[in-house]
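Notes for the structure review
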Amino acid sequence: MMKQGKWSGRDENKDAVRGEVWDQLESGGHAMGPTWSHIPNFIGADQAAWHLAQTEEWKRARTVKCNPDPPQIPLRLRALYEGKMLYAPVPYLTRDFPYLRIDPKALIEKGVSFELAATSEGYMMHGERIGFEEVEPLDFCVVGSVAVSRQGGRTGKGAGFADLETGIFRELGIIGPDTPMATTIHSSQLVPDSKVFMMAHDSPLDFVSTEKELIVTGNTASRPRGVAWDFVQDDQFETIPFLRDLRDRMTAR
């Protein structure tokens, strides 16, 4: 029986490319920790973060949103050391509050190390609990990825959290059409564009950073304007406590 990811079954094509990438990370010895059903951590994540941090868009950014996964710890750490206001979601959005604000000045005042606060466990303990509407307009957004193309196509782990968050922020005006979207991956996670199946509610990437290089995709595809509620899965409404209420508030606007 073929090995399956936790959220498999929603799209066979995406399931297949995820499986190929997870297998390759494991067989190639590039992974650090679990791969299947995860945004996989990888050897060289710190170099990938360094490449992305050299962009003018990152340097200018004062407010940064970053996914909660282990391979992006080096980016969250850089954001804090560079004095940026960091926003990160509750992992799997399973609490009654969706987001946390991690303020480097507040951490210093409380004596909390940036190294601790850059982990999801640390920012859950020491970040400020907030709602989506309380997030400032974002200057730079980082999402976790499993498979990515050089043209800016992206596939996550299959749960749909990143697309949902991005759609909510776009609908609220917190992410604009020119807000840079980026990811960090191992170079073995790069796949042909034909293997990344982007849908109308997916946001293309502007930057893809690996342990070897920074890829500027030049993707000019239109960005979705908000949440494609018709694509939200029934299990997401069941497992994300605030989602129904948020949908009702947003669709009543």
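Since the structure is predicted, the reported quantities are computational estimates derived from the model, not experimental observations.

Points about the sheet that holds strand β10 (residues 214-216)
- Strand order in the open sheet made by the eight strands is β4-β3-β2-β1-β5-β8-β9-β10, with mixed pairing throughout. Whereas interior strands pair on both sides, the edge strands pair on one side only; in this sheet they are β4 (128-130) and β10. Looking at each pair of strands side by side, their axes are set apart by 25° on average, direction ignored.
- Examined bridge by bridge, strand β2 (residues 85-89) and strand β3 (residues 99-102) share four bridges and lie antiparallel to one another. Among the inter-strand pairings, Tyr87 is bridged to a residue of β3, identified as Arg101.
- Along the sheet, helix α4 (residues 73-81) makes contact with β1 (63-66), β2, β3, β5 (140-142) and β8 (181-184), crossing β2 at roughly 150°.

Topic: the packing of helix α2 (residues 45-53) against α4
- In contact at an axis separation of 8 Å, α2 and α4 are set at 45° when each is read in the N-to-C sense. By the criterion of interaxial angle, the relationship of α2 to α4 is oblique. Between α2 and α4 the crossing geometry is right-handed. Counting all contacts with α2, which are made through Ala45, Asp46, Ala49, Trp50, Leu52 and Ala53, the residues of α4 involved are Pro74, Leu75 and Arg78.
- For the contact of α2 with α4, the residue count by class is seven nonpolar, no polar and two charged.

Here's the deal with the pairing of β1
- Of the two faces of β1, both are covered, the one formed by Thr63 and Lys65 as well as the one formed by Val64 and Cys66.
- Inspection of the sheet shows β1 paired to β2 by three bridges, in the parallel sense. Residue pairing in the sheet places Val64 in a bridge with Leu86 of β2.
- Following the backbone out of β1, through α4 and into the adjacent parallel β2, one traces a crossover that is right-handed.
- In this sheet, β5 lies alongside β1 in parallel orientation, the contact comprising three bridges. Looking across to β5, one finds that Lys65 is bridged to Cys141.

What counts, and at which threshold
Residues numbered from 1 in each chain as written. Predicted model: local features only at pLDDT ≥ 70, side-chain atom pairs only at ≥ 80, totals over all residues. Heavy atoms only, no water. Pairing = 2+ DSSP bridges. Helix = DSSP H or I, 4+ residues; strand = E, 2+ residues; numbered from the N terminus. Axes fitted to C-alpha atoms, helices over the stretch in contact; angles between N-to-C directions. Contact = heavy atoms within 4.5 Å. Parallel < 35°, antiparallel > 145°, perpendicular 65-115°, else oblique. Left-handed = near helix turned anticlockwise from the far one by under 90°. Nonpolar A, V, L, I, M, F, W, Y, C, P; charged D, E, K, R; others polar. Buried < 20%, exposed > 50% of the residue type's maximum accessible area, 1.4 Å probe, protein only. Right-handed = clockwise from strand over helix to strand, strands pointing away.

It is worth stressing that arrangement in space is one thing and function is another; only the former is reported here.
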